[in-house]
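Structural characterization, general
If you want the building blocks of each chain, they are given just below.
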Amino acid sequence: MSFLFGGRANKTFKPKKNIPEGSHQYELLKHAEATLGSGNLRMAVMLPEGEDLNEWVAVNTVDFFNQINMLYGTITDFCTEESCPVMSAGPKYEYHWADGTNIKKPIKCSAPKYIDYLMTWVQDQLDDETLFPSKIGVPFKRNFMSVAKTILKRLFRVYAHIYHQHFDSVMQLQEEAHLNTSFKHFIFFVQEFNLIDRKELVPLQELIEKLTTKDR
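As a starting point, this report considers the structure included with it. These numbers were taken from a predicted model, which means no experiment stands behind them.

**Some details on the pattern of salt bridges**
Scanning the model with the defined rule gives three salt bridges in all. The salt bridge involving Lys108 is made with Glu94; its shortest N-O contact spans 3.7 Å. Here the residue Lys108 occupies a position in the loop between strand E2 (94-95) and helix H4 (111-126), and Glu94 occupies one in strand E2, the gap between them amounting to 14 residues. Arg157 is the partner of Glu200 in a salt bridge, and the nearest nitrogen-oxygen pair spans 3.4 Å. With Glu200 in the loop between helix H6 (176-192) and helix H7 (205-213) and Arg157 in helix H5 (residues 144-172), the pair connects residues that are 43 residues apart, well separated along the chain. Among the residues examined, Arg157 registers a relative accessible area of 11% and is labelled buried.

**Structural notes on the layout of surface pockets**
Take a probe with the size of a water molecule and roll it over the atoms, and the empty space left behind shows itself. The space that makes up the largest pocket amounts to roughly 260 Å³. In this structure, the largest pocket is lined by 13 residues; those nearest its centre are Gln191, Arg198, Leu201, Gln205 and Ile208. Among the elements of the structure, H6 and H7 are those that each provide at least two residues to the lining of the largest pocket. Sort the elements by how many residues they give to the lining of the largest pocket and H7 lands first, with four residues. Residues belonging to the lining of the largest pocket are distributed by class as follows: five nonpolar, four polar and four charged.

**Things to note about the packing of aromatic side chains**
Taken as a whole, this structure holds 14 aromatic pairs when the rule is applied. With centroids separated by 5.2 Å and ring planes inclined at 80°, the aromatic side chains of Phe64 and Phe186 adopt a geometry described as edge-to-face. With a gap of 122 residues between them, Phe64 in helix H3 (residues 53-75) and Phe186 in helix H6 connect regions that are remote in the sequence. Per residue, the accessibility class of Phe64 equals that of Phe186, and both read buried. Ring centres 6.4 Å apart and planes at 40° place the aromatic pair Tyr95 and Tyr114 in the tilted group. Here the residue Tyr95 occupies a position in strand E2, and Tyr114 occupies one in helix H4, the gap between them amounting to 19 residues. Like Tyr114, Tyr95 is buried. One aromatic cluster in this structure is built from Phe64, Phe156, Tyr159, Tyr163, Phe167, Phe183, Phe186, Phe189 and Phe193. In this arrangement the basic side chain of Arg42 is found over the ring face of Phe188, its NZ or CZ atom lying 3.8 Å from the centre.

Cut-offs and rules
Residues numbered from 1 in each chain as written. Predicted model: local features only at pLDDT ≥ 70, side-chain atom pairs only at ≥ 80, totals over all residues. Heavy atoms only, no water. Salt bridge = Lys/Arg side-chain N within 4 Å of Asp/Glu carboxyl O. Helix = DSSP H or I, 4+ residues; strand = E, 2+ residues; numbered from the N terminus. Buried < 20%, exposed > 50% of the residue type's maximum accessible area, 1.4 Å probe, protein only. 1 Å grid on protein atoms, 1.4 Å probe; cavity = no way out; pocket = protein on both sides within 12 Å on 5 of 7 lines; lining within 4 Å. Points joined across faces, edges and corners; volume = space filled by probe spheres on them. Nonpolar A, V, L, I, M, F, W, Y, C, P; charged D, E, K, R; others polar. Phe/Tyr/Trp six-rings, centres within 6.5 Å; stacked < 30°, edge-to-face > 60°. Lys NZ or Arg CZ within 6 Å of the ring centre and 35° of its normal.

Structure below.
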């Protein structure tokens with residue numbers, strides 16, 4: 001679940017989000033890591049028996065944020081205002097940023113700026129105890145799942161940008177196995193619980209089919 005990236009292991013784009021040790025969510029995370037170790041990703045993403053779906057989605061969302069944070073941290077030197085003046089996933093897909101509060105009308109910006117906005121926004125959601133309660137017995141808000149879906153939809157865009165614009169750099173750094181494993185885990189998870197609309201996944205459709213057909 002937590003992948004190490006050679007000598008750049010400590011370089012994350014944003015501070016890592018930790019799940020408090022000893023908490024139930026920490027136990028869930030340990031369970032997920034143990035299941036992932038078995039190598040069967042389809043099994044690893046399934047809701048453990050007797051567990052709460054919201055809590056399972058919350059723990060995994062935090063983990064995906066940390067993974068993408070590390071992955072993007074390895075290629076920030078290559079993702080610049082000059083190399084990526086727009087946030088895109090290939091020539092057909094361009095993303096404009098809006099968060100509904102600070103920036104209501106979508107703005108066109110460079111990929112590093114967009115990803116900075118995106119990761120800061122995700123971090124703010126994860127740090128909000130009313131949305132992502134870390135204490136046992138604190139209920140999840142009614143809108144939790146829709147917020148989690150928006151987070152995952154936006155995190156997908158970082159994967160899409162890395163694959164389309166920076167895969168050469170990923171290969172130079174010999175991180176493609178990490179990237180592929182992380183993305184495959186992410187896709188299996190969102191497919192298992194229908195968390196991202198299919199049309200949002202189109203920029204990486206071919207790759208998704210390639211990664212998932214082997215495991216049907």
